[in-house]
Amino acid sequence: MVNYVPGTRARQYVQQKVNFTNSRGSFYAIHSYRLRQYAVYSYGPHWPLFIYSNVTGRWYENTDRYGTTTSKHHSQAHPHCDTIGLCCADMKLLDQHGPVALTKWRLTA
């Protein structure tokens, strides 16, 4: 079941880690059961805004700059708790492979 949610109500879904999408599908959040994480996206997986990892028990936040609409999505979805800031490239790596792979990559880079 898909929860269609206006952006103004997104934060409560993010804080509860519930899947949602806006009516246009440009702003959404979904669980990855394989990676045990929950991710919030603006305009698809090429721009993850926030990721919660069940492995680390932490929120990660994209700190790169973005356009007006994505900035709006970012402010509407912020979980209002401490986050670990990452650049978009690291957020994509986290999104695709999880926190263990991100840590290994950062240690060898």
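Now for a quick tour of the structure. This is a predicted model, so every value here is computed, not measured.

Turning to the pairing of strand 2 (residues 27–32), a few remarks are in order. Where strand 1 (residues 20–21) meets strand 2, 2 bridges bridge the pair, whose relative direction is antiparallel. Within strand 2, the residue paired with Thr21 across the bridge is Tyr28. Between strand 1 and strand 2, which pair antiparallel and follow one another directly, the connecting turn spans 5 residues, one of which, Gly25, has a positive phi of 75°.

What follows covers helix 3 (residues 88–97). Of all the positions in helix 3, only Cys88, Asp90, Met91, Leu93, Leu94 and Asp95 are classed as buried. Those residues of helix 3 that are buried are in contact with strand 3 (37–42), strand 4 (48–53), strand 5 (58–62), strand 6 (83–86) and helix 4 (99–108). Phi turns positive one or two residues past the end of helix 3, at Gly98, with a value near 90°.

Moving on to the side chain of His74. One can find His74 in helix 2 (residues 68–77). Sequence-distant contacts of His74, defined by excluding residues within four places in its chain, comprise Leu49, Phe50, Glu61, Asn62 and Tyr66.

Let us now look at the packing of helix 3 against helix 4. Where helix 3 contacts helix 4, the two axes come as close as 7 Å, and the packing angle between them is 135°. It follows from the interaxial angle that helix 3 and helix 4 lie oblique. Along its contact with helix 3, which presents Asp90, Leu93, Leu94 and His97, the element helix 4 presents Pro99, Ala101, Leu102, Trp105 and Arg106. In terms of residue class, the contact of helix 3 with helix 4 is made up of 6 nonpolar, 1 polar and 2 charged.

Let us look at unusual backbone geometry. Even without being glycine, Arg36 reaches a positive phi, approximately 55°. Note that Arg36 resides in the loop between strand 2 and strand 3. We classify Arg36 as partly exposed; its relative accessible area is 47%. Residue Tyr43 is not a glycine yet carries a positive backbone phi of 60°. You can see Tyr43 is positioned in the loop between strand 3 and strand 4. Owing to a relative accessible area of 40%, Tyr43 belongs among the partly exposed residues under this scheme.

With that settled, consider the sheet that holds strand 2. Taken in spatial order, the 6 strands line up as 1-2-3-4-5-6 in an open sheet, and their pairing is mixed. Of all strands in the sheet, those bounded by a partner on one side alone are strand 1 and strand 6. Across 4 bridges, the pairing between strand 4 and strand 5 is antiparallel. In the sheet register, Phe50 faces strand 5, and the bridge partner there is Glu61. Helix 2 contacts strand 2, strand 3, strand 4 and strand 5 of the sheet and is inclined by roughly 30° relative to strand 4. Most of the contacts of helix 3 go to strand 4, to which it runs at about 45°, and overall it touches strand 3, strand 4, strand 5 and strand 6.

Scoring rules and cut-offs
- Residues numbered from 1 in each chain as written.
- Predicted model: local features only at pLDDT ≥ 70, side-chain atom pairs only at ≥ 80, totals over all residues.
- Heavy atoms only, no water.
- Pairing = 2+ DSSP bridges.
- Helix = DSSP H or I, 4+ residues; strand = E, 2+ residues; numbered from the N terminus.
- Buried < 20%, exposed > 50% of the residue type's maximum accessible area, 1.4 Å probe, protein only.
- Contact = heavy atoms within 4.5 Å.
- Axes fitted to C-alpha atoms, helices over the stretch in contact; angles between N-to-C directions.
- Parallel < 35°, antiparallel > 145°, perpendicular 65-115°, else oblique.
- Nonpolar A, V, L, I, M, F, W, Y, C, P; charged D, E, K, R; others polar.

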